[in-house]
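In case you want the letters, here they are:
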Amino acid sequence: MKKYSFVIDVAKCENCNNCFLSCKDEYCGNEWPGYSLPQPLHGQRWMNIKRKERGDFPEIDVAYLPKPCMHCDDAPCIKVARDGAVYKREDGIVIIDPQKAKGQKELVKSCPFGAIWWNEEAQIAQKCTFCAHLLDKGWKKPRCVQSCPTGALSILYVEEEELENLIREDRLETLDTVDSSVLPRCFYKNLYRYSKCFIAGSVASGDDTVSECVEGVKVQLLRDSLVVDSQNTDYFGDFKFDMLSPDGSTYSITIESEKGIKKKIGVKLEKSLFVGTIWI
Ligand code: SF4
Ligand code: SF4
Ligand code: SF4
């Protein structure tokens, strides 16, 4: 049985909000019987784009994380719902029944990803439907995916075995939850841009008055005296070690030039860091 999943490439999202707006266009003022009541114009973000800045000047980057409902397997929202008000279809899509879910405000807190919103006027919990009403009519993509200009959003409709292969081959990841039994069906590429951190720096020779960037210097990153990664500085004398966990680990960075000059600095990694210019 084929099932749907989202695949979202964090590195391709430019925060244009086309996905968010097309979702609003599809649902605000429109009722899709059996699938959803109208989405309010304000206060709900079924496609919610989160933002994170990493680093310090001059080494800063920004990542955007589009967050729809993850259409989880073993979804907590389904367990909390009374009277079968939230259910999973055979194709993997999780739907909040727009009639049965009336008054069930507790559904909002049941979602570990913050993907359920409360509609005060209609007294109902609401969320992304994966545009099931369109897919059931033969559409190949939900509105948000269709409107994404960079290809950051895509969907899969494949057998579970093929999904597992793709997860492995494309190194797809899901967002962490406290409850590891929750299995989101929204997979991310390049999630490190949002969830991990980096150590960056620059190598130069000379002094504050006359200086030049030094290309090709060997820089090593060590933890517990073991080499974690190694690279050479680029044309601008810069180096950057990425995909590191912000878990407070202590790292050492060693700099070794062709002339044999060696420098060593230590850092504690709790967030992305620019260690400054290292003079050799
Ligand atoms: S992301 Fe939240 S609302 Fe969506 S299926 Fe999972 S638990 Fe339910
Ligand atoms: S799949 Fe449809 S309902 Fe879900 S965020 Fe995209 S446009 Fe909105
Ligand atoms: S449409 Fe695509 S690029 Fe634009 S914000 Fe949404 S996911 Fe990002």
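Predicted model only: the values in this text are computed from it and were never measured.

The rules behind these values
Every chain is numbered independently, its residues counted from 1 as its sequence is written. Going through the entries in the order they are written, you letter the chains from A and number the ligands from 1. Restriction of local features to residues with pLDDT of at least 70 applies here, the model being predicted, together with a cutoff of 80 or more for giving and counting side-chain atom pairs; totals for whole chains, interfaces and linings are based on all residues. For the purposes of this entry, the term helix denotes a DSSP run of H or I that reaches at least four residues, the term strand denotes a run of E that reaches at least two, and both are numbered from the N terminus. Between the two quantities, the radius of gyration covers C-alpha atoms and the globule rule is 2.2 Å times the number of residues to the power 0.38. Three exposure classes are used, based on other C-beta atoms lying within 10 Å of a residue's own C-beta, which is placed from the backbone: buried for 20 or more, exposed for 12 or fewer, and partly exposed in between. We call two residues in contact when their backbone-placed C-beta atoms lie within 7 Å. Put plainly, near means the residue's C-beta atom, positioned from the backbone, lies within 6 Å of the molecule or strand in question. Note that Gly is not counted as nonpolar here; it falls among the polar residues with everything else outside the nonpolar set of Ala, Val, Leu, Ile, Met, Phe, Trp, Tyr, Cys and Pro and the charged set of Asp, Glu, Lys and Arg. Pairs of strands are assigned from DSSP output, requiring at least two bridges between the strands. Note on terminology: a nonpolar core is a set of buried residues of type Ala, Val, Leu, Ile, Met, Phe, Trp, Tyr or Cys, with members joined through C-beta atoms within 7 Å. In this analysis, axes come from line fits to C-alpha atoms, helices being fitted only over the stretch in contact, and the angle between any two N-to-C directions falls in the range 0 to 180 degrees. Just so you know, the domain bounds were taken from an automatic or database domain assignment. The arc in question is formed by the directions pointing from the helix axis toward the C-beta atoms.

**Notes on the overall build of the chain**
What the chain contains, in helices and strands, is 7 helices and 17 strands. Here the chain has a C-alpha radius of gyration of 23 Å; the compact-globule value for 280 residues is 19 Å, and the former is much larger. The principal-axis extent of the C-alpha atoms belonging to the chain is close to 75 × 35 × 35 Å. Counting all 280 residues of the chain, 33% fall into the buried class. Long-range pairs, those at least 24 residues apart, make up 59% of the contacts in the chain between residues at least 6 apart in sequence.

**Remarks on the site of ligand 2**
Taken together, 13 residues surround ligand 2, and among them Cys23, Cys128, Cys131, Pro142 and Cys144 come closest. Of all the secondary structure elements, the ones that give two or more residues to the shell around ligand 2 are helix 1 (18-27) and helix 5 (143-147). Of all the elements, helix 1 adds the most residues to the shell around ligand 2, at 3 residues. Residue composition of the shell around ligand 2, grouped by class: 9 nonpolar, 2 polar and 2 charged.

**Structural notes on the pairing of strand 12 (residues 218-223)**
Two elements, strand 12 and strand 13 (residues 226-232), share 6 bridges in a ladder whose sense is antiparallel. Paired with Leu221 across the bridge in strand 13 is Asp229. Where strand 12 folds back onto strand 13 in an antiparallel hairpin, the turn is made up of 2 residues, including Asp224, whose phi is positive at roughly 55°. Both strand 12 and strand 15 (residues 249-256) contribute to a ladder of 5 bridges, which runs antiparallel. The residue of strand 15 that forms the bridge with Val219 is Ile255.

**Looking at the site of ligand 1**
Around ligand 1, a shell composed of 13 residues is seen, among which Cys69, Met70, Cys72, Cys77 and Cys111 lie nearest. Here the residues of the shell around ligand 1 are counted per class, giving 11 nonpolar, 1 polar and 1 charged.

**Side note on the nonpolar core**
One recurring pattern in soluble globular proteins is that nonpolar side chains are buried together. Formed by 50 residues in total, the largest nonpolar core has its most connected members in Ile8, Val86 and Ala101. Elements represented by at least two residues in this core include exactly strand 1 (3-9), helix 1, strand 3 (59-67), strand 5 (94-96), strand 7 (124-126), helix 5, strand 8 (153-158) and strand 9 (186-189).

**Points about the sheet that holds strand 12**
What holds strands together in a sheet is hydrogen bonding between their backbones, with the strands either parallel or antiparallel. Judged by pairing direction, the sheet is antiparallel, and its 4 strands sit side by side in the order 13-12-15-16 without closing on themselves. Both edges of this open sheet fall to strand 13 and strand 16 (262-269), since each of them pairs with a single strand only. Between one strand and the next, the sheet's axes are offset by a mean angle of 20°, whatever the strand orientation.

**What about the environment of Arg89?**
Relative to the assigned elements, Arg89 resides in the loop between strand 4 (86-88) and strand 5. When the 14 C-beta atoms within 10 Å are taken as the criterion, Arg89 is described as partly exposed.

**Section: helix 6 (residues 160-169)**
Given 3.6 residues per turn, any residue in an α-helix points the same way as the ones three and four places further on. When you tally the buried positions in helix 6, you get 1 out of 10 residues, a small fraction of the element. Looking one or two residues past helix 6, Arg171 carries a phi angle of roughly 50°, positive in sign.

**Here's the deal with the environment of Ile280**
For Ile280, the position within the fold is in the segment after strand 17 (273-279). Considered as a pair, Ile280 and Gly206 are 74 residues apart in the sequence and their alpha carbons are 7.4 Å apart.

**Section: the domain arrangement of the chain**
One can read the domain layout of the chain as domain 1 (3-194) and domain 2 (196-279). Relative placement of domain 1 and domain 2: their C-alpha centres are 38 Å apart. Facing the 6 residues of domain 1 at the interface are 9 residues of domain 2. The greatest single-element share of the side of domain 1 that touches domain 2, amounting to 3 residues, is contributed by strand 2 (residues 48-56). Of the residues assigned to the side of domain 1 that touches domain 2, the class counts are 2 nonpolar, 1 polar and 3 charged.

**What to know about unusual backbone geometry**
Here the residue pair Phe57 and Pro58 is connected by a cis peptide bond, since its omega of 5° sits within 30 degrees of zero. The residue Pro58 is located in the loop between strand 2 and strand 3 in this model. Positive phi is not limited to glycine here, since Asn17 has a value of about 70°. Position of Asn17 among the secondary structure elements: in the loop between strand 1 and helix 1. Residue classification places Asn17 among the partly exposed positions, given that 16 C-beta atoms sit within 10 Å. The backbone of Phe130 shows a phi angle near 65°, a positive value even though the residue is not glycine. Among the structural elements, Phe130 can be located in the loop between strand 7 and helix 4 (132-135).

**Describing helix 1**
Every buried residue of helix 1 is listed here: Cys19, Cys23, Lys24, Glu26 and Tyr27. Viewed along the axis of helix 1, the buried residues span an arc of 165°, placing them on a single side of the element. Contacts made by the buried residues of helix 1 are with strand 3, helix 5 and strand 8. Looking at the residues trailing helix 1, positive phi occurs at Gly29, about 80°.

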